[in-house]
Every structure is written in structure tokens, then in C-alpha cells.
Amino acid sequence: MRESTASHERPARNFELICEIEPPTRPDLTHARHQIGVLSPVTDAFLIPDNHIGRATVSSIAVAHEVQTMGGRSIACVNSRDRNLLGFRRDLLTAAAYGVEEFLFVHGDKPTAGNRTSDLTVRAMMDEARAASEDPVFADMPAFRVGAAAGVRPLPAWKRAADFLFVQVSYSVDALLRWRDAHPVELPVYAGVMVLASAGMARRLAATIPDIDIPDDLVQAVERDRTAGVEAACDQVLQLRDSGAFAGVHLVPVSRYRQVATRLEDLLCPPPDLRRDRPWRSLLRDASSTPAGAGLTPILTVT
């Protein structure tokens, strides 16, 4: 395998915004395209979840390929929960065929249907993806870039072999900075930021994410004003950018992606000469306004 082309697509500035989109749970990519189109002015790459929160979704690799055919950069999340070794090797072949080079390997949430497979671990998936570089099947293909997720707790030594790290969502900038100071790894690290959309969402997060601490005043603010969660997340992004401690942010806008895009475009967008000359932004916005079934142009063909 040759050098990954993804390493050449990063912005010239020192801070990346990687936005997670809500993956399709039906055989229709219209909503995914809309999220990409709306968020494109502020986003450097899109993270595509894999069977998000334990429910079936369209393949993250297929959606990542869709992002790329629209001109964007994508990172496909792949979980160990749903795969045996043969299935994972199939995914690597599919990704290589589609030109998807970047992955985030994760353990996966508790499934809502069926059982968790025990055949693979995140570490084994990383090893397998690395071994592909020696496999003649992948000759002349770009090398895979693989990332791992890190909790706000001690970092296992083997995760330092990843190409990048995504730190667990936290509502505390101080907690993220303390973790970063305690783990001076020489690779890009992205802090997790999630928009709090409602008090009910706060309760669900507290029940499913270990060690998460959601400030009571934020929950109360969101109960009074639905936009408060957007403002808090955007402010957190700015604080993390200004800290200089992270390569960027992994932002989860949930259903508030329109409001997030509007607010961050005001706060983050650089002058035109620093926007990496991305003509695909207008394409993405056009795609986002195309009605379902209206016949998208070939550049937006779903595979």
C-alpha cells in the first residue's frame, strides 16, 4: 500500500472540526445529504457512525463513500460488536474499492437486536488494518488511517499506535484539558463535544456514557431555551480551539445541525483565502435542497 491521501487533505490551519452526522436508518440518503450540505461551510471532515446506538443503519462505509463522491472528506466508524474477522476483511476490501481510507474503530454500544460478537476487538481491528499494507490484494492502494476512541481516563498503551484519537464527549473543558495534559501523545487528538438538545437527552447520556458529568445549570438552561445547548457547544469548541491542546474537535450536533452550522459559520469561518478552495461546498448545498426521488446528478450517485 502507498501513503494515505487523507493526510494531504487536512486544512492548512491548525484546528479541525469533524462533524458527526446522524446515519440513515432507512434506505434513503436524503437526510444524510442535507446534514452534509448544511454543515459543509464549517466542517473539515464528516464522521459516519456505524449502527448508531445499537440500531441498524446504512453502512458507514457506503455513506462515507457518498460523502467523498460529493467532494468531501469522510471518516467511517467501524465497531467490533457486529463483526467477525471475515466480515471485517470484507469491510476493508469494500472500503478500498470505494476509496474510503480513514476509520475510527470502536467497541460499539449495546445492541438493540441480537447479541454482540466476541470474535474481534478494537485492537485486533487495528492490527488487521495495519497488516493490509503487506497484503498483495491491497497493492497500490492508499494505506488506511485508523483512529481509536479514548475515555476521559488512563489511556491504554496500545491505543498510542493509532493514527489519531477521538476523546469521549465531555461537557467540561477543564476535564478535557487535564486529560490532554496527562496524555502527551504525539498524534492528533480530537476532543468530543456534543450539543445538549434537551433535559431528557441529559438523562439518557448520564445512563449510557460512563463518567460523563453534565452541569445542572446547562440542563436548566436548555429547559428554558432550546438554543442554549447550541450556544454552549459552540462556546466549548472555541475554548478548545483557543487552548491549543487539541488538533480539533469531534462535534456531535444531533438534531440541531442547522443551528450549529449557522452559529459556527459566524464564529469559525476563516477568510476566503484560507478555506482550502473547496468548490464542493456549493455542490453539497445544492444536494441538500434536492427533493427525495428528484434524480440527483451523477456526482451524487448512491452506490
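Everything in this summary refers to the structure shown in the same document. (Residues numbered from 1 in each chain as written. Predicted model: local features only at pLDDT ≥ 70, side-chain atom pairs only at ≥ 80, totals over all residues. Heavy atoms only, no water.)

Observations concerning the overall build of the protein chain
When you go through the protein chain residue by residue, the secondary structure sums to 10 helices and eight strands. Out of the 303 residues belonging to the protein chain, those deemed buried represent 51%. Of the accessible surface of the protein chain, which amounts to about 14300 Å², a share of 52% is contributed by carbon and sulfur atoms. (Helix = DSSP H or I, 4+ residues; strand = E, 2+ residues; numbered from the N terminus. Buried < 20%, exposed > 50% of the residue type's maximum accessible area, 1.4 Å probe, protein only. Areas by Shrake-Rupley, 256 points an atom, 1.4 Å probe, with all protein chains shown as cover.)

Things to note about the state of the cysteines
With the rule as written, the count across this model stands at zero disulfides. Between Cys234, a cysteine without a disulfide, and Cys19, which holds the nearest cysteine sulfur, the sulfur-to-sulfur distance is 9.6 Å. (Disulfide = S-S within 2.5 Å.)

Considering the environment of Ala32
The residue Ala32 is located in helix α1 (residues 30–39) in this model. Sequence separation between Ala32 and Glu66 is 34 residues, and the spatial gap between their C-alpha atoms is 9.4 Å. Excluding its chain neighbours within four sequence positions, the residues that come into contact with Ala32 are Ile21 and Pro24. (Contact = heavy atoms within 4.5 Å.)

A look at the pairing of strand β3 (residues 74–79)
Counting buried residues in β3 gives six out of six residues, a clear majority hidden from the surface. Where burial is concerned, the two faces of β3 agree: the one with Ser74, Ala76 and Val78 and the one with Ile75, Cys77 and Asn79 are both buried. Both strand β2 (residues 45–48) and β3 contribute to a ladder of three bridges, which runs parallel. Considered in β3, the bridge of Ile48 is made with Ala76. Where the polypeptide runs from β2 across helix α2 (residues 60–69) and back to β3, its parallel neighbour, the crossover connection is right-handed. (Pairing = 2+ DSSP bridges. Right-handed = clockwise from strand over helix to strand, strands pointing away.)

Some words on the nonpolar core
Formed by 82 residues in total, the largest nonpolar core has its most connected members in Phe103, Phe105, Tyr171 and Leu196. Element by element, the count of residues in this core is highest for helix α8 (residues 228–243), at seven residues. With residues near it in sequence (within four places) discarded, Leu196 still touches Tyr171, Met201, Ala202, Leu205, Ile214, Leu218, Val219, Val222 and Gly229. With 10 residues, the next largest nonpolar core counts Ala45, Ile75, Val106 and Phe166 among its residues. (Core = buried A, V, L, I, M, F, W, Y, C linked by side-chain atoms within 4.5 Å.)

Considerations on the pairing of strand β4 (residues 102–106)
Of all five residues making up β4, five are buried, and the element is well covered by its neighbours. Burial along β4 is two-sided: the residues Glu102, Leu104 and Val106 and Phe103 and Phe105 are all buried. Bridge analysis of β3 against β4 gives four bridges, and the strand direction is parallel. Note that in β4 the partner of Asn79 across the bridge is Val106. After leaving β3, the chain enters helix α3 (residues 85–98) and then returns to the sheet as β4, a path that is right-handed. The pairing of β4 with strand β5 (residues 145–150) spans four bridges and is classified as parallel. The residue of β5 that forms the bridge with Leu104 is Gly147.

Some details on the sheet that holds β5
Spatially, β1-β2-β3-β4-β5-β6-β7-β8 is the arrangement adopted by the eight strands of the closed barrel, whose pairing is parallel. Ignoring strand direction, the axes of neighbouring strands in this sheet form an average angle of 25°. With four bridges joining them, β5 and strand β6 (residues 164–169) adopt parallel strand pairing. Across the sheet, Ala150 pairs through a bridge with Val167, a residue of β6. Strands β3, β4 and β5 of the sheet are contacted by helix α4 (residues 122–131), whose axis makes an angle of about 155° with β4. (Axes fitted to C-alpha atoms, helices over the stretch in contact; angles between N-to-C directions.)

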